[in-house]
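Residue-level structure breakdown
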Amino acid sequence: MTAGLSLVAIATPVAAQEQELLTLEDALSRTGVVGETADPELNPRIVGPRAEAEAAQALVGQARLRPNPEVSLEVENIAGSGAFSGLSATEYTLAVGQQLELGGKRGARVEAARAQAQLAGLRADLADVELGFLVRERYVAAVAAASRVALARDVVERNEELARIAGVLVEVGREPPLRALRAEAALAEARAELQAAQAASLAARTALASLWSDQEAPPLVPTDFPEIVPPGIVMASATGCNYK
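Source: prediction; values computed, not measured.

Helices and strands together make up the secondary structure of the chain, namely six helices and two strands. For the chain, the α and β elements follow one another from N to C terminus as α-α-α-β-β-α-α-α. The burial tally for the chain puts 24% of its 244 residues in the buried class. Long-range contacts, defined here as pairs at least 24 residues apart, represent 70% of the contacts in the chain between residues at least 6 apart. Carbon and sulfur atoms form 58% of the exposed surface of the chain, whose accessible area is close to 16500 Å².

Take a look at the structure:
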């Protein structure tokens, strides 16, 4: 049992070295928030608000159009009786009408459409910002979980060495058997903590990958926390300065 757990603990970092680590920029790019390779059309969290913004912008052009002209045709005295029998006394009336918008109705309609388009654009921008915040939040959580895994793995390695030393001391008669039992108990507890940390790390990385609907194995993240710089628009609104 001990050898099997040791093999799992050793094989995990080897697999981590073979798989490329995911950076924060890669995570933001995969979700469609930033980056040249970002494809927002693949992310349902922002494709809906952006489509609504485009539709609202198209309605602005439609609001600028004037009402269509109206054409009507009236036929009287058709298929009557007596002097109005047949088509000899039939009267035709063709009318063409054009609605004239007075009192600034057209301008008000255009301004209302522009306001709706601006609101839809702000909602699309808000969806991008919220998704970017969620990506950063889950990425930091995944990095923290990976750091706890690395720490738990170090604890296991140290307890393995202590258990080995305790076993040797017991064999040569320099320590009582209780010393080895305590070392094995501490090692088992450390391995249990490592398994719990690995499970928490897997859950955090799976939650991160769900933001771009990744069906493959959850990506690995480094154990070093990234430097997160607030977007320029956030800093500008907070300080009143113009950031580019």
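Let's shift gears to a nonpolar patch on the surface. Residues Val71, Leu73, Val75, Tyr92, Leu94 and Val96 make up a contiguous nonpolar surface patch of about 670 Å² in total accessible area. With respect to the helices and strands, the residue Val75 is situated in strand β1 (residues 70-76).

Taking 1.5 Å of rise per residue, the 67 residues of helix α4 (residues 105-171) would be expected to cover 99 Å, and the 98 Å separating its terminal C-alpha atoms lies within 8% of that figure. A positive phi of about 85° marks Gly173, the residue just after α4.

Their axes nearest at 8 Å, the elements helix α3 (residues 44-64) and α4 cross at an angle of 165°. Overall, the two elements α3 and α4 adopt an arrangement that is roughly antiparallel. Seen from above, α3 lies across α4 with left-handed handedness. For the contact of α3 with α4, the per-class residue count stands at 15 nonpolar, three polar and nine charged.

Before going further, it helps to spend a moment on helix α2 (residues 24-31). All of the buried residues in α2 are Leu24, Ala27, Leu28, Ser29 and Thr31. Looking at the packing, one finds that the buried side of α2 touches α3 and α4.

Two elements in contact, α2 and α4, have axes separated by 10 Å at closest approach and are oriented at 140°. Between α2 and α4, the angle falls in the class oblique. In this structure, α2 crosses over α4, and the sense of that crossing is right-handed. Residues Leu24, Ala27, Leu28 and Thr31 of α2 lie in contact with α4, whose contacting residues are Leu131, Gly132, Val135, Arg136 and Tyr139. For the contact of α2 with α4, a count of residues per class yields six nonpolar, two polar and one charged.

Along the chain, Thr31 falls in helix α2. Residue Thr31 is classed as buried on the basis of its relative accessible area, which comes to 0%. Engagement of the side chain of Thr31 in a polar contact is seen with the backbone oxygen of Ala27, the distance being 3.2 Å. In this view, Thr31 contacts Asn43, Ile46, Leu131, Val135, Leu211 and Trp212; residues no more than four positions away in its chain are not counted.

What follows deals with the pattern of salt bridges. In total, this model carries five salt bridges according to the counting rule given. Across the pair Arg50 and Asp128 runs a salt bridge whose closest N-O atoms are separated by 2.9 Å. A residue pair is termed long-range when its members are at least 10 positions apart, and Arg50 in helix α3 and Asp128 in helix α4 qualify at 78 residues. Owing to a relative accessible area of 23%, Arg50 belongs among the partly exposed residues under this scheme. Glu111 serves as the salt-bridge partner of Arg114, at 3.1 Å between the closest nitrogen and oxygen. Here the residue Arg114 and the residue Glu111 both occupy positions in helix α4, the gap between them amounting to three residues, near one helical turn. The exposure class of Arg114 is partly exposed, given its relative accessible area of 38%.

This paragraph deals with the nonpolar core. Counting residues in each nonpolar core, the largest one holds 20 residues, and the members touching the most others are Val135, Tyr139, Leu208, Trp212 and Val221. The set of elements that each furnish at least two residues to this core consists of α2, α4 and α5 (177-209). Formed by ten residues, the second largest nonpolar core is a distinct cluster that contains Val149, Val156, Leu187 and Ala190.

What counts and what doesn't
- Residues numbered from 1 in each chain as written.
- Predicted model: local features only at pLDDT ≥ 70, side-chain atom pairs only at ≥ 80, totals over all residues.
- Heavy atoms only, no water.
- Helix = DSSP H or I, 4+ residues; strand = E, 2+ residues; numbered from the N terminus.
- Buried < 20%, exposed > 50% of the residue type's maximum accessible area, 1.4 Å probe, protein only.
- Contact = heavy atoms within 4.5 Å.
- Areas by Shrake-Rupley, 256 points an atom, 1.4 Å probe, with all protein chains shown as cover.
- Patch = residues over 30% accessible without salt bridge, like charges linked within 9 Å, V, L, I, M, F, W, Y side chains within 5 Å.
- Salt bridge = Lys/Arg side-chain N within 4 Å of Asp/Glu carboxyl O.
- Expected span 1.5 Å × (residues − 1).
- Axes fitted to C-alpha atoms, helices over the stretch in contact; angles between N-to-C directions.
- Parallel < 35°, antiparallel > 145°, perpendicular 65-115°, else oblique.
- Left-handed = near helix turned anticlockwise from the far one by under 90°.
- Nonpolar A, V, L, I, M, F, W, Y, C, P; charged D, E, K, R; others polar.
- Polar contact = N/O pair within 3.5 Å; in protein donor to acceptor, adjacent residues only side chain to side chain.
- Core = buried A, V, L, I, M, F, W, Y, C linked by side-chain atoms within 4.5 Å.

Honestly, that's just the spatial picture; any functional story needs more than this.
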